[in-house]
Structure formats: C-alpha cells, structure tokens
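# Residue-level structure breakdown
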Amino acid sequence: MAKRIDVEHLDVYYGDFLAVHDVTMTVPARSVTALIGPSGCGKSTVLRSLNRMHEVTRGGRVEGSIRLDGVDLYAPDMDPVLVRRMVGMVFQRPNPFPTMSIYDNVAAGLRLNGVKDKATLDGVVEQSLKGANLWTEVKDRLRKPGAGLSGGQQQRLCIARAIAVQPQVLLMDEPCSALDPISTLAIEDLITELKAAYTIVIVTHNMQQAARVSDQTAFFNLAATGKPGELIEVGPTSTIFSNPGVKATEDYIEGRFG
Amino acid sequence: MSVSTTSRVVVTFPDRTRARTQRDRAARVSMALAFVVAVIPLAWILVTVTTQGAQLLFSSTWWVNSQRGINSTMVGGGARHAINGTLIQAGVTALIAVPIGVLTAVYLVEFGRGRLARAVSFMVDILTGVPSIVAALFVYAVWVGTFGFQRVGFAVCLALVLLMIPVVVRTTEEMLKLVPNELREASLALGVPRWTTIVRVVLPTALSGIVTGVLLGLARVMGETAPLLILGPYTKNLATDLFSGLMPTLPTMINQDRSELGQAAAVERMWATALTLIVLVLVLNLAGRLVARLGSVSR
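Residues numbered from 1 in each chain as written. Chains lettered and ligands numbered in written order. Predicted model: local features only at pLDDT ≥ 70, side-chain atom pairs only at ≥ 80, totals over all residues. Heavy atoms only, no water.

### Some points on the overall build of chain A
Rule in force here: Counting from the N terminus, the helices are the DSSP runs of H or I reaching at least four residues and the strands are the DSSP runs of E reaching at least two. C-alpha atoms define the radius of gyration in this analysis, and the globule rule sets the expected value at 2.2 Å times the number of residues to the power 0.38. Here the term buried applies to any residue with accessible area under 20% of the maximum for its type, exposed to any over 50%, and partly exposed to those in between, with areas from a 1.4 Å probe on protein chains only. Positive charge is attributed to Lys and Arg, negative charge to Asp and Glu, and no charge count is given to His or to the chain ends. In plain terms, the charge of a residue is placed at NZ if it is Lys, CZ if Arg, CG if Asp and CD if Glu.
Looking only at helices and strands, chain A features 10 helices and 10 strands. Taken over C-alpha atoms, the radius of gyration comes to 18 Å for chain A, in line with the 18 Å a tight globule of 258 residues would show. Projected onto its principal axes, the C-alpha positions of chain A cover 55 × 45 × 30 Å. Looking at the 258 residues of chain A, the share that counts as buried comes to 54%. Placing the 27 positive and 29 negative side-chain charges of chain A at their respective mean positions leaves the two points 7 Å apart.

### Observations regarding the interface of chain A and chain B
What counts here: Residues are treated as being in contact if the distance between any of their heavy atoms lies within 4.5 Å. Summed over both partners, the accessible surface that disappears when two parts come together, traced with a 1.4 Å probe, is what is meant by buried area. The term salt bridge refers to a pairing of a side-chain nitrogen on Lys or Arg with a carboxyl oxygen on Asp or Glu at a separation within 4 Å.
Listed by partner, the interface residues are 29 residues for chain A and 20 residues for chain B. At the boundary of chain A with chain B, total buried surface from both sides reaches about 2,100 Å², with 67% on carbon and sulfur atoms. When the buried surface of chain A facing chain B is broken down by residue, Phe97, Thr99 and Leu112 of chain A rank first, second and third, together holding 29% of it. Where chain A packs against chain B, one counts one salt bridge. We note a salt bridge from Glu185 of chain B to Arg48 of chain A, for which the minimum N-O separation is 2.8 Å.

### Considerations on the packing of aromatic side chains
To keep it simple, the criterion reads: Pairs were defined over the aromatic rings of Phe, Tyr and Trp, the Trp ring being its six-membered one, requiring ring centres within 6.5 Å. Orientation was assigned from the angle between planes: stacked under 30 degrees, edge-to-face over 60, tilted for the rest. For a ring to carry a charge above it, either NZ of a lysine or CZ of an arginine must fall within 6 Å of the ring centroid while also lying within 35 degrees of the normal to the ring plane.
One pass over the full model with this rule turns up five aromatic pairs over all chains. Cluster of aromatic residues (ring-pair linked, three or more members): Trp143, Phe147, Phe149, Phe154 and Phe243 of chain B. Above the face of the Tyr13 of chain A ring, Arg61 of chain A is positioned so that its terminal group lies 4.1 Å from the ring centre. A cation over a ring is seen here: Arg161 of chain A above Phe97 of chain A, with NZ or CZ 4.5 Å from the ring centre.

### Some words on the nonpolar core
Condition: Buried Ala, Val, Leu, Ile, Met, Phe, Trp, Tyr and Cys residues that are joined via side-chain atoms within 4.5 Å together make up what is termed a nonpolar core.
Of all hydrophobic cores here, the largest spans 103 residues; its most connected members are Ile5, Val23 and Leu35 of chain A. The leading source of residues in this core is helix H5 (residues 153-178) of chain B, at 13 residues. Grouped together as the second largest cluster of nonpolar side chains are 44 residues, Leu149, Cys176, Leu190 and Val213 of chain A included.

### A few points about the pattern of salt bridges
All names here are of chain B. Overall, the coordinates contain 20 salt bridges over all chains when judged by the stated rule. Glu173 is the salt-bridge partner of Lys177, the closest N and O atoms lying 3.8 Å from each other. Taken together, the residues Lys177 and Glu173, both in helix H5 and four residues apart, mark about one turn of the helix. On the basis of relative accessible area, Glu173 is assigned to the buried category, the value being 7%. Its salt-bridge partner being Arg269, residue Asp257 comes within 3.7 Å of it at the nearest N-O pair.

This is the structure we're talking about:
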C-alpha cells in the first residue's frame with residue numbers, strides 16, 4: 001500500500017512570500033527520506049505541502065505538482081481531506097487529544113470519519129498500537145486518558161493514531177525533538193520497522209538520526225534570511241553523508257554552520 | 001572602547017536580601033488584606049440573607065404554593081410561582097442564547113477573517129455594554145410598540161437573550177482560543193473534515209470552559225430585574241404560559257415584597273425569596289460543573 005511521491009517544480013508561498021523555490025525530487029515507496037537543513041530553510045513547509053496541511057495556514061498556497069503514484073494531489077477536484085487520509089502526519093510535539101482515552105485517540109481517525117463497527121475498531125486499535133510498539137505498555141489501560149502517558153509513549157500513540165487510518169505515506173516533522181534519547185531510540189526503531197509498509201518522509205535537525213534511519217537524504221538551504229529555501233541536493237544517505245556533491249551540504253553535515 | 005584581556009571587570013551585586021524579604025512580606029500582607037476586603041461584602045450578604053430568610057425556606061408550603069390569595073399582612077404561601085417563572089424564563093433564554101452565542105464564538109475563532117469578523121466582534125462588544133434597561137426598552141418598543149403584542153413572559157426572554165448572548169460569546173471565544181492549534185492540525189491531518197474537527201475535537205476540549213460561561217450568563221439573567229419590571233410585572237398566581245398573561249419571577253417578587261415595607265410578613269418573604277434565588281444559582285452552577293466534569297475524561 002505504500003506509494004511513491006513525485007515532487008516537481010514545487011514553489012510554496014505564505015501569502016506573497018515565496019518560502020521554498022523550485023523543489024523537484026522523488027521519494028521512493030517503502031523507504032525513509034530525511035529532509036535536513038538549517039532552520040528556516042523550508043523543509044517543514046515542504047513536508048506540510050505533501051499532505052496539503054500547508055494550506056491550513058492562512059495565506060498558504062502551493063505551485064507546481066506533487067503526485068502520489070501518478071495521482072496529482074493538487075488537482076482541482078482533489079479533496080484535501082482525502083489527501084490527508086492517504087498521507088498521514090506525526091508532529092514535532094506529541095499531541096494526543098486530551099479529552100480522549102488511549103483507545104479513542106487511536107480510533108479517532110476512523111470514528112470521526114463515520115466508522116462505527118466495534119469489531120473493526122477493536123481490531124484496528126490493537127493492530128495500530130502493536131504497529132507503533134505501544135501495545136504491551138498500554139493494553140491494560142486503554143480506557144485511561146492518552147495525555148497520562150510519558151512523552152515518548154504519547155508520540156508513539158500519535159504514530160498509532162496516524163497509521164490507524166491506513167495511509168500510504170507517513171510524514172514526520174521532527175518527531176523526536178521533544179523526546180529523551182531512549183524514547184528517540186524507540187521511535188527510530190519503529191521508523192525502521194514501519195518502512196516495510198509505508199513511505200516515510202522525516203524532517204530532522206539531528207544528523208545522526210538522518211544517517212541512522214534514512215535511505216535517502218535531501219539537503220535544503222537558503223541563500224540568506226528573507227530569501228526562499230531551496231533543495232540543494234538529494235541522494236542516497238550514504239552518498240550525501242560520505243561524499244556530498246555540494247560544499248554547503250558537507251559544511252552543514254559536518255556542523256560548520258546551521 | 002576595548003577591554004583588555006588581562007583586567008577583567010568584576011561585578012559586585014549590592015546586598016538587597018533584607019529589602020527584598022521586607023517587600024515580599026508587605027506584598028503578602030496587602031494581598032491577604034485585599035482578599036479579606038473583597039470577601040467581607042460577600043460574606044455579609046450571605047449571612048444577612050441566610051439569617052433573615054432561611055426559616056421560610058423550610059416551611060412546608062414555600063416550594064409548593066404560590067402567593068395567590070395572600071396579602072402583605074398575611075404569612076404563608078410560597079414562592080413556587082416565582083421559582084417557576086424564573087426557571088422557565090432562564091431556560092428558554094438559554095435555549096435561544098446558547099446556540100447563537102456558541103456558534104458566533106465558533107465563527108469568530110475558527111472562521112472569522114476580515115471585515116465581517118471585525119464587525120461581529122465590535123457588535124458583541126457593544127452588546128456587552130448595553131444596560132439591561134435599554135435592552136428591555138428596546139424589546140418593549142418592538143414587542144408592544146411595533147407589533148402591538150401584550151407583555152408576556154416570552155418578551156422578557158427576548159430581552160434576557162440580548163443580555164446573555166455577549167457573555168456566552170466572549171467566554172466561549174476565550175475558551176476556544178485556549179484550545180491548542182496542534183489539536184486542530186492533528187485532527188485535520190487524520191483526514192477529518194474541518195467541521196467534524198470543530199464539533200468532535202475543539203468543542204469537547206473547551207467544554208468545561210463553555211459550560212462555565214453559560215452558567216455565568218444564566219446567573220446574570222436570573223438575577224436581572226430591569227427587563228422584568230418593564231416587560232413582566234409581578235403577579236401572585238402560578239403561570240406557565242410564556243405567551244399569554246403575566247409571569248411572576250423571583251426578582252419581581254423580591255421587589256413586590258420590598259414595596260410593602262413595614263409589613264413583617266412581606267419583609268420575611270423578601271429575604272426568603274432572595275435566598276431562594278441565590279440557592280437556585282448555586283445549584284445550577286454545581287450541576288453545570290458536574291456535567292462538564294462527567295463530559296471530559298478523568299485524569
């Protein structure tokens with residue numbers, strides 16, 4: 001069910017401000033692609049345009065095309081709600097719904113879209129929590145509030161919630177930046193397992209994390225503050241980290257700026 | 001100016017520990033005093049009303065009978081007619097004002113952009129500042145003046161609606177603004193449509209705050225007197241029809257018994273009626289908080 005993503009000549013705007021200019025890249029199915037680059041270079045913006053969450057921001061709009069196995073996500077008759085069901089997202093800070101139990105959090109994407117059958121919901125909740133490596137820790141307290149879990153558990157709960165709607169792609173916006181090293185490791189292990197079934201795009205500020213989990217790395221940079229961010233280069237992670245084609249990539253990865 | 005590397009500038013902080021502890025103590029004392037000053041009138045009112053009025057509340061007829069056939073020199077009868085009127089009017093007012101108020105707040109927080117939103121927000125501000133007697137006179141002018149209807153309970157409700165809407169809008173708005181944007185995004189990113197996100201995620205998260213706002217609004221309209229004096233004069237008889245005849249209420253009953261000043265029986269009824277109103281508002285508040293707590297997941 002994983003699908004590949006083709007981004008072509010993508011320009012992303014906030015109102016009149018061009019935030020990201022001319023991004024063209026391909027994300028292969030069943031792989032992890034890491035987006036790296038200094039703050040403000042537009043990697044999160046690109047990520048959010050992959051599931052049309054960018055346009056939720058006031059004035060947010062996009063030019064160019066993004067295709068999911070050939071289907072244009074920005075076609076005029078494409079419903080953004082359907083795009084978001086195909087392309088799930090995990091955010092920087094764990095954000096379980098505070099009024100809902102662990103079970104209800106995972107079931108939310110289905111319930112809020114009209115799925116009521118109890119057996120289906122039970123099955124999906126168990127399967128998703130297992131998929132997020134959280135089942136054994138919470139199976140005895142599914143009716144307890146999701147907000148009562150630790151930060152790392154909450155983030156895995158959010159991953160379970162995202163995969164419960166059975167998307168083809170999973171976007172992660174710095175999913176470990178609010179977590180401690182042990183929880184980070186748990187999430188990274190999980191990402192490696194999830195790529196068997198999903199196409200994953202992850203934004204990270206952590207070079208080691210990009211090197212550990214990703215198959216492909218894309219480096220974004222911006223010429224100066226106020227200038228649009230650009231995709232500098234994209235390639236297999238091993239190449240980008242050992243033998244980058246551009247000096248700026250090497251400088252960034254080695255920690256000389258950013 | 002250049003600082004040489006050999007001579008470091010050493011900073012000595014003045015010792016202000018003593019001054020700081022003293023200021024701290026002064027602030028604590030004045031805060032405690034302010035609290036006491038604020039509580040004195042409240043406690044005074046509660047003690048006076050309770051001591052003067054509590055006795056009648058325990059009489060067998062108070063919650064059951066009306067004042068029908070009882071004049072100011074006689075003891076006896078009850079406040080049932082006024083309790084009924086106040087509860088019916090407050091209920092109908094809430095039924096109209098809460099949906100309008102909550103939906104307006106949802107519009108302002110979730111959708112409102114540009115001119116229309118600014119205009120709506122400005123109107124709510126104006127409505128907040130409208131004195132109750134002006135709202136009452138406005139409804140009187142339309143209801144009696146323009147349409148030529150009789151003064152009935154429902155006209156009172158309309159005036160109260162005008163007073164309750166801004167309270168509900170403002171408190172609901174504040175509560176919706178407190179709902180973190182990450183929750184809306186989390187829901188949208190699951191492929192949940194926007195209106196479902198608002199109804200099933202945003203509103204439940206803000207529920208307890210919204211309930212508090214509604215209760216504040218209700219408490220305000222239940223004690224409101226000006227619209228009642230203009231649109232719903234007192235009567236001693238039980239009345240349940242909002243659309244014909246006068247409807248007695250607790251504030252107008254208090255006013256009536258006050259106007260019989262000097263008559264011991266009426267004065268005692270006045271205090272008892274006031275206490276009844278306080279008790280009703282208190283019970284509603286507790287019930288509302290309980291509902292809000294049951295509605296959200298326990299920690």
